[in-house]
Amino acid sequence: MHAGNKIRTLAFITGLTLLLYIMSFLFLPANTGAEGLYKKAGGIYKEPKNTIGYLSIGDSESTTSISPMEIWNTYGYTGFNCGVPAQRLQDTYYLLEKVLNKQSPKIVLLETNACFRDFKYINALETIVDDKTKKIFPIYQYHNNWRYFHFYMLKNLSADMAEKPSPAYKGYQYNSNSKPYIGGPYTEETDEVEVIQDQPYLYLTKISELCKEKGIRLVLYSSPSPKCWTYAKHNAVKQFADKNDLDYIDLNLSLDQLSIDWNTDTRDGGDHINYYGAKKVSAYMGSYLSGLNLLTDHRQDPRFVSWNNEFKTYETQTMKSSK
């Protein structure tokens, strides 16, 4: 290739890179409306820096089982539910890594259902590349925003945009529908051990190591779910927890203590608990968090008055929707 062609090629690549970088700022929303992983990252990123005491992470069993506002009302602990439906453990890891750039929680609660969702290494590689590309060129993530573009968006380049208040649910997926589970008892003890496949095991280990590196107490928990849970899975998680010196709370073995009623507390026949079940799980987990003596009650702290106001909104919305 002649020197002139090389210069033109380099100039083209440089110009394209600069164009993508500039256009990314034009199409970057003040409040991300992206779905899944990035929606949850955007939601907790609206919280003031280093104000979240604990996180709940995992797939849909996480997002439907712990309501941070229920725990706030009883204990004054600030939490955020970062669960994402159908999330794989490598996505959970990268989401946690992203969140820890702004928050310094003392406790992370990891729901264990995703430990048994296998994936291919190529998918993990794609996730890494996808995440890095979106960090460098946000237009890759928000390219469809051209439909909403207006020249007033140019002002965003020189002035910070005010962010909307965070949703009162703090990441929890509210659902008050009831569809009973009718399958009968499902917690019969066995010595069988479900295998955690290599890739989920790798990212489960990486999550554990990341939490240790950051001085965060990682707690594994299994939400009540007759359709997803087995005692063999319990044994597998228990083995990992024991090996890595982690607490493991299997709520499927505490149904009587939780007072779970499968006629009313599941939204889909025993796959996920609904709002009524989540209130019971949140009460249980709130008591557990209290026993760790790591979190602070902020209900009387004027710096957290917004949480009291948001709880009022949460209470109004849940009462209205549950009628």
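Details of the structure are given in the entry above.
Think of each chain on its own: its residues are numbered from 1, step by step along the sequence as written. Where totals are concerned, whole chains, interfaces and linings use all residues; where local detail is concerned, this predicted model gives features only for residues with pLDDT of at least 70, and gives and counts side-chain atom pairs only at 80 or more. Side-chain metrics in this entry use all non-hydrogen atoms of the structure; hydrogen atoms and water are not considered.

Break down the packing of helix α4 (residues 68-75) against helix α11 (residues 275-292) for me, citing the residues and quoting the values.
Remark: α4 packs on α11, axes separated minimally by 8 Å, with the N-to-C direction vectors making an angle of 50°. Overall, the two elements α4 and α11 adopt an arrangement that is oblique. Considering how the two elements wind past one another, α4 and α11 form a crossing that is right-handed. Where α4 approaches α11, its residues Glu70, Ile71 and Tyr75 are matched on the opposing element by Tyr275, Lys279, Ser282, Ala283, Gly286, Ser287, Leu289 and Ser290. Taken together, the residues that form the contact of α4 with α11 break down as 5 nonpolar, 4 polar and 2 charged. Orientation is described by lines fitted to C-alpha atoms, with helices fitted over the stretch in contact, and by angles between N-to-C directions that extend from 0 to 180 degrees. Counting from the N terminus, the helices are DSSP H or I runs at least four residues long and the strands are E runs at least two residues long. Any angle from 65 to 115 degrees is called roughly perpendicular, while one under 35 is roughly parallel, one over 145 is roughly antiparallel, and all others are oblique. The sense of a crossing depends on the near helix, which, turned anticlockwise from the far helix by less than a right angle, makes the crossing left-handed and, turned clockwise, makes it right-handed. In what follows, residue pairs with any heavy atoms lying within 4.5 Å of each other are defined as contacts. In this count, Pro and Cys sit with the nonpolar residues alongside Ala, Val, Leu, Ile, Met, Phe, Trp and Tyr, while Asp, Glu, Lys and Arg are called charged and the others, Gly among them, polar.

Which residues make up the sheet that holds strand β3 (residues 107-111), and what are the values?
Taken in spatial order, the 5 strands make up an open sheet running β2-β1-β3-β4-β5, and their pairing is parallel. The two strands at the open ends of the sheet, each matched to only one other strand, are β2 (79-81) and β5 (247-250). Strand-to-strand, the axes of this sheet are offset by a mean angle of 20°, without reference to chain direction. Whether two strands pair comes down to DSSP finding at least two bridges between them. Pairing of β3 with strand β4 (residues 217-222) involves 5 bridges; the strand directions are parallel. Within the sheet, the bridge partner assigned to Val108 lies in β4 and is Leu218.

Lay out the packing of aromatic side chains in plain terms, naming residues and giving numbers.
Side-chain rings of Phe, Tyr and Trp, where Trp is taken by its six-membered ring, are said to pair if the distance between their centres is within 6.5 Å; with planes under 30 degrees apart they count as stacked, over 60 as edge-to-face, and otherwise as tilted. Tallied over the entire structure, the rule returns 17 aromatic pairs. Measuring from ring centre to ring centre gives 5.8 Å for Tyr181 and Trp262, while their planes differ by 75°; the resulting arrangement is edge-to-face. On the criterion of sequence distance, the pair formed by Tyr181 in the loop between α7 (139-142) and α8 (198-213) and Trp262 in the loop between α10 (255-258) and α11 is long-range, its members being 81 residues apart. Burial classes: relative accessible area under 20% of the type maximum marks a residue as buried, over 50% as exposed, and values in between as partly exposed (1.4 Å probe, protein chains only). Overall, the relative accessible area of 14% leaves Tyr181 in the buried class.

Give me the lowdown on unusual backbone geometry, citing residues and values where you can.
With a phi close to 50°, Lys170 is a non-glycine residue in the positive phi region. Here Lys170 shows up in the loop between α7 and α8.

Pulling in residues and values, what's your account of the pairing of β5?
Bridging between β4 and β5 involves 4 bridges; their strand directions are parallel. Bridging across to β5, Val219 finds its partner in Asp247. Crossover connection from β4 via helix α9 (residues 231-243) to parallel β5: handedness right-handed. With strands facing away from the observer, any crossover in which the path from the first strand over the helix to the second runs clockwise is taken as right-handed.

Go over the environment of Gln300 with me, naming the residues and quoting the values.
Its location among the elements puts Gln300 in the loop between α11 and α12 (305-321). For Gln300, a relative accessible area of 76% gives the class exposed. Between the C-alpha atoms of Gln300 and Gly76, which are 224 residues apart in sequence, the distance is 8.4 Å.

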